[in-house]
Amino acid sequence: MKLQITKDLLSGALFLLIGLGTIIIAQGYRLGTAANMGPGYFPIMLGSIVALIGAVMLVKAARNPETSEIIQTWEFRPLVFLTAAILLFSALIDTRGAIAGVVVLILVGRLAGREGSMLELAIMVLALTAAAIGIFVYGLNIPLRLRPW
Amino acid sequence: MDLLQHLALGFSVAFSPSNLLYCFVGVLLGTFIGILPGVGPLVTIAVLLPLTFGLPPEGAMIMLAGIYYGAAYGGSTTAILVNLPGESSAAVTCIDGYQMARQGRAGPALAIAAIGSVVAGCFGTILIALCGPPLARVALQFGAEEYCSLMLMALVSASALVRGSLIKGMAMAFCGAIFGLAGTDVNSGVDRFTFGLPGLAEGFDFVVVAAGLFAFAEIVSNLGVSHQRGLITTRVTGLMPTREDLKASWKPILRGTALGSILGILPGAGQTIASFASYATERKLSKTPHRFGHGAIEGVAGPESANNAAAQTHFIPTLTLGIPGSATMALLLGALMIQGVTPGPQVMTQHPDLFWGLVVSMWIGNVLLVILNLPLVGAWVTLLKVPYRWLYPIIMVFSCIGIFTVNMSATDVAFAAFFGVIGYLFLKLDCEPAPFILGFLLGPMLEENFRRAMLQSRGSLSVFVTEPISAAFLGIALLFMLLMVVPMIAKRKDEAIMEEA
């Protein structure tokens with residue numbers, strides 16, 4: 001029988017991965033005893049529970065694939081561009097200032113949606129940048145660095 | 001009498017000009033957002049959290065609470081007018097509310113929803129004022145083992161009542177707890193799960209996780225679907241319900257209020273469950289059940305009241321025990337912590353102005369909502385035409401700057417992007433993020449109390465069942481688990497929750 005990659009199967013694998021990862025990382029922390037727990041005790045406990053649930057889900061999903069669905073589509077384009085936009089903002093805000101950060105965030109973020117005219121985009125960039133700076137810097141008095149120099 | 005003094009204090013706080021303004025801004029924003037397509041209250045609170053840091057604690061909480069119940073209210077408006085619940089708990093209102101709108105009776109449907117919401121809101125507020133203090137007094141006696149069991153119960157019931165299987169929800173809750181542990185361990189000073197990153201010494205900031213899971217992940221999945229919606233009713237005429245409408249509605253309103261109030265107190269049990277339970281009750285009690293689904297006003301009155309009552313009584317476990325009952329409550333609790341207030345039963349005695357001010361402001365907010373909503377409903381409806389391509393850049397800009405300003409840390413923004421990716425993965429796998437955020441918030445507290453309880457009991461787990469209160473909490477948790485295993489109930493729960501998707 002061919003293995004069907006269902007949502008439950010993937011979730012089980014994900015939980016197993018998170019659980020095992022937690023247990024492995026927590027090996028580096030002192031375990032202690034139940035009466036006197038070290039920093040590793042609780043994480044290993046949680047990791048074991050999550051890994052166990054993951055394993056059970058994995059087996060159940062592999063045996064009964066009909067109880068879950070298969071993911072039809074992934075929104076790769078929005079995911080990639082949105083994440084890129086946020087990471088660029090994070091990289092720019094300290095070095096190039098908030099204005100550059102916001103403009104890049106909106107421009108790269110638009111690639112995620114690919115809708116609307118160029119004029120609309122230009123208005124959006126101007127209005128949103130002005131509104132954001134106005135609210136945070138002048139309204140809430142947060143000392144953001146604005147310009148690249 | 002104590003209660004009157006407390007309420008007087010509450011009134012003096014809530015009626016201060018600045019707090020009235022925060023309340024007004026909160027419900028206005030909330031209604032606005034409840035109506036906007038594709039933007040729920042969770043996203044809004046996650047995005048606006050950083051904006052409230054500069055406010056005093058009372059102001060911040062009053063405004064965030066206003067957003068919360070304003071959005072619940074706005075969601076019902078779109079449910080009635082365009083058959084789209086702006087919020088999951090308004091899904092039931094769609095059934096009969098939209099049918100009423102199609103029959104040209106949108107006005108009475110909206111008015112009854114408003115009346116029901118106000119009645120329920122006021123009752124819920126009174127219940128908070130009455131139940132809060134005694135509950136907090138009991139909770140002050142809680143030891144580590146009671147807290148531990150209580151948190152476990154909250155996590156289990158929250159996991160049980162989301163869409164999908166219980167174990168999936170539990171796994172999400174414990175995963176959240178694992179992420180919550182990242183940072184320096186308070187007892188040993190050891191850095192855990194920091195991967196050597198200096199930005200993680202204090203752990204992930206709550207705002208970072210909330211914005212990533214609820215704002216960024218939502219945007220990605222929303223951009224995948226097209227947002228086309230047809231507006232059936234563009235004009236609402238004849239707001240006033242007839243005498244028959246009122247006669248048919250007052251009992252469902254009272255029953256819905258009672259049902260919602262009780263379900264709202266249970267941590268984890270949601271507004272969605274409350275509104276579905278009320279709908280089922282009304283249909284069962286009705287002499288003419290065949291009218292349900294074809295524009296029965298009882299089907300709007302009951303669920304809307306239940307929904308709003310639950311929204312109010314959710315605050316009881318959140319404020320008196322420090323245990324959030326839903327993801328939205330977890331966000332409010334997170335806001336409280338950021339304000340430097342440690343949630344728990346001591347909030348009421350140490351910050352009486354905060355507690356009572358919030359309670360009274362909710363009452364004011366409910367009245368404001370009606371004044372705002374009914375006459376202006378036409379204006380609100382035009383908001384439905386705002387395309388999503390205008391909304392998501394706004395959400396992105398405000399979340400990114402907001403996250404940055406919390407600690408003035410660009411790394412936090414990058415972490416939020418990371419949680420956005422994780423959150424998207426969760427969404428695609430049908431893993432509900434709500435238990436995750438509860439687990440994230442409760443994880444460190446759970447560890448601390450578990451450690452203390454085990455220290456006192458010299459490592460014996462039996463202490464959790466020999467202490468009566470703790471045993472009772474665990475019993476309720478077990479009951480939730482067993483209920484979900486009974487196939488019929490599990491199936492009905494899924495049917496009930498399915499429609500919110």
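Keep in mind the model is a prediction, meaning the values are calculated, not measured. (Residues numbered from 1 in each chain as written. Chains lettered and ligands numbered in written order. Predicted model: local features only at pLDDT ≥ 70, side-chain atom pairs only at ≥ 80, totals over all residues.)

Draft legend 1. Spatial organisation of the overall build of chain A. Tallying secondary structure elements over chain A gives five helices and zero strands in all. Written out in order from the N terminus, the α and β elements of chain A read α-α-α-α-α. Relative to a compact globule of 149 residues, whose C-alpha radius of gyration would be 15 Å, chain A shows 23 Å and is clearly more extended. Reported as C-alpha extents along the three principal axes, the dimensions of chain A are approximately 55 × 50 × 25 Å. Expressed as a percentage of the 149 residues in chain A, the buried residues total 36%. Within chain A, contacts between residues at least 6 apart in sequence are counted, and of these 64% link residues at least 24 apart. (Helix = DSSP H or I, 4+ residues; strand = E, 2+ residues; numbered from the N terminus. Rg over C-alpha atoms; globule rule 2.2 N^0.38 Å. Buried ≥ 20, exposed ≤ 12 C-beta atoms within 10 Å, placed from the backbone. Contact = placed C-beta atoms within 7 Å.)

Draft legend 2. Looking closely at the UniProt feature "domain: DUF1468" (unreviewed entry) in chain A. As recorded in UniProt, the feature "domain: DUF1468" (unreviewed entry) lies at residues 11–144 of chain A. The span residues 11–144 of chain A is 72% helical and 0% strand by assignment, and the distance between its end C-alpha atoms comes to 40 Å. (UniProt positions renumbered as here; feature names shortened; annotations may be inferred.)

Draft legend 3. Layout of helix H3 (residues 76–95) of chain A. Spanning 20 residues, H3 of chain A covers 29 Å between terminal C-alpha atoms, matching the ideal 28 Å at 1.5 Å per step. The complete set of buried residues in H3 of chain A reads Pro78, Leu79, Leu82, Thr83, Ala85, Ile86, Leu88, Phe89, Ser90, Leu92 and Ile93 of chain A. Contacts made by the buried residues of H3 of chain A are with helix H4 (98–113) of chain A together with helix H9 (206–224), helix H17 (388–407) and helix H18 (410–428) of chain B. Taken from the residues just after H3 of chain A, glycine 97 of chain A is the one with a positive phi, measuring 95 degrees. (Expected span 1.5 Å × (residues − 1).)

Draft legend 4. Broad picture of the packing of helix H4 (residues 57–82) of chain B against helix H14 (residues 327–338) of chain B. Residue and element names in this part refer to chain B. Where H4 contacts H14, the axes come no closer than 10 Å and their chain directions differ by 165 degrees. It follows that H4 is roughly antiparallel to H14 by the angle criterion. Between H4 and H14 the crossing geometry is right-handed. Contact with H4, carried on its side by Ala60, Met61, Leu64, Ala65 and Tyr68, involves Thr328, Leu332, Ala335 and Leu336 of H14 and no other residues of that element. Grouping the amino acids of the contact of H4 with H14 by side-chain chemistry returns eight nonpolar, one polar and no charged. (Axes fitted to C-alpha atoms, helices over the stretch in contact; angles between N-to-C directions. Parallel < 35°, antiparallel > 145°, perpendicular 65-115°, else oblique. Left-handed = near helix turned anticlockwise from the far one by under 90°. Nonpolar A, V, L, I, M, F, W, Y, C, P; charged D, E, K, R; others polar.)

Draft legend 5. Structural detail: the UniProt feature "transmembrane region" (unreviewed entry) in chain A. Residues and elements named next belong to chain A. Per the UniProt record, the feature "transmembrane region" (unreviewed entry) sits at residues 9–29, 41–59, 79–109 and 121–140. Strand forms 0% of residues 9–29 and helix 86%; the C-alpha atoms that close the span are 31 Å apart. End C-alpha to end C-alpha, residues 79–109 measures 10 Å, and it is 94% helix and 0% strand.

Draft legend 6. Structural context of the confidence of the model for chain B. Scored by pLDDT, chain B comes out at a mean of 80, with 90% of its residues at no less than 70. Within chain B, helix H22 (residues 487–498) of chain B has the poorest average pLDDT of any element, 57, and H18 of chain B the best, 91. (pLDDT = per-residue confidence, 0-100.)

Draft legend 7. Here's a closer look at the interface of chain B and chain A. The partner chain A presents 56 residues to the 53 residues of chain B that form the contact. Breaking the side of chain B that touches chain A down by element, the ones donating at least two residues are helix H8 (166–181), H9, H17, H18 and helix H19 (433–456) of chain B. Per-element accounting of the side of chain B that touches chain A gives the leading share, 11 residues, to H17 of chain B. Per-class residue counts for the side of chain B that touches chain A are 36 nonpolar, eight polar and nine charged.

Draft legend 8. Structural view of the environment of isoleucine 128 of chain B. Residue and element names in this part refer to chain B. Mapped onto the secondary structure, isoleucine 128 falls in helix H6 (residues 106–140). The class for isoleucine 128 is buried, based on 28 C-beta atoms found within 10 Å. For the pair formed by isoleucine 128 and glutamine 312, sequence separation is 184 residues and the distance between their alpha carbons is 7.8 Å. The contact partners of isoleucine 128, leaving out residues within four places of it in the chain, are Gln312, Thr313, Phe315, Ile316 and Val359.

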